[in-house]
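Commentary on secondary and tertiary structure
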Amino acid sequence: MGRTMWHAAIAVPAPTEPFWLGLPYWLVGAVLILALFGAFQVYYWVGRRLGEKLYDSRIGVKVGRERIQKIEQVVERWGALAVYGCFWVPMLRHTLPWVAGALRVSYPWYVVASALGCLTWAPLWWFGGTAAVFGWLELARRSPVTAAVVAVVVVGLVAWLVIRRRLKRRRAADDKALAS
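Here's a quick rundown of the structure. Just so it is clear, the model here is predicted, and its values are computed rather than measured.

1. Thoughts on the nonpolar core
- Counting residues in each nonpolar core, the largest one holds 28 residues, and the members touching the most others are Leu36, Phe40, Phe87, Leu96 and Tyr110.
- Apart from residues lying up to four places away in sequence, Leu36 is in contact with Phe87, Cys118, Trp121 and Ala122.

Shown next, in the form of structure tokens:
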């Protein structure tokens, strides 16, 4: 048991040691949380400024009118709670704040929801992501072949998921075209 705990302890850098640009690990994490919070405020105000023009903007065209309307339904139903929830759903994370601004969700509630989202979601990714990277680097140090196999499996899994998702979308678009 002691040996396993030792391995887990080296997967994440020491919190007070210089980590990036001479800053300690915890401070880099705090700066990243603040940057994410700032980005969410920018998303909101850009969406609020765009309003209906959101559909015709470059981002709106890329996301698609149907998706934006689905996101609008989520925001209209859940309000600021949807903002908190969007942190946990990959596609919503960077589209819902724009729509919340366009729909003029109460800004004080938006700030609270986005702050809570940043404080709960970002540290999980910060610590989990760092542990995964440092764990893989430790694996590579001990067994380069095993680390290469793990990397190939992860890349293959991601490629498979992307291809599967694209095929599913293409089939849905074909079915929709046939129904028309």
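2. Describing the pattern of salt bridges
- Tallying each qualifying case throughout the model produces three salt bridges.
- Notably, a salt bridge pairs Glu66 with Lys176, separated by 2.3 Å at the nearest N-O pair. With Glu66 in helix 4 (residues 65–78) and Lys176 in helix 9 (residues 144–179), the pair connects residues that are 110 residues apart, well separated along the chain.
- Linking Arg141 and Glu138 is a salt bridge whose minimum nitrogen-to-oxygen distance equals 2.7 Å. Taken together, the residues Arg141 and Glu138, both in helix 8 (residues 107–142) and three residues apart, mark about one turn of the helix.
- Take Arg141: its relative accessible area is 58%, and that puts it in the exposed class.
- When salt bridges that share partners are traced, they join Glu138, Arg141 and Arg142 into one network.

3. As for the state of the cysteines
- All chains considered together, the criterion is met by zero disulfides.
- Not part of a disulfide, Cys86 finds its nearest cysteine sulfur in Cys118, a span of 9.1 Å.
- Judged by its relative accessible area of 0%, Cys86 falls in the buried class.

4. Here's the deal with the packing of helix 8 against helix 9
- It is at 5 Å that the axes of helix 8 and helix 9 come closest, and there the two elements cross at 140°. The angle between the axes of helix 8 and helix 9 places the two elements in the oblique class. For the pair helix 8 and helix 9, the contacting residues are Trp136, Leu139, Ala140 and Arg142 in the first and Pro144, Thr146, Ala147, Val150 and Ala151 in the second.

Calculation rules
Residues numbered from 1 in each chain as written. Predicted model: local features only at pLDDT ≥ 70, side-chain atom pairs only at ≥ 80, totals over all residues. Heavy atoms only, no water. Core = buried A, V, L, I, M, F, W, Y, C linked by side-chain atoms within 4.5 Å. Buried < 20%, exposed > 50% of the residue type's maximum accessible area, 1.4 Å probe, protein only. Contact = heavy atoms within 4.5 Å. Salt bridge = Lys/Arg side-chain N within 4 Å of Asp/Glu carboxyl O. Helix = DSSP H or I, 4+ residues; strand = E, 2+ residues; numbered from the N terminus. Disulfide = S-S within 2.5 Å. Axes fitted to C-alpha atoms, helices over the stretch in contact; angles between N-to-C directions. Parallel < 35°, antiparallel > 145°, perpendicular 65-115°, else oblique.

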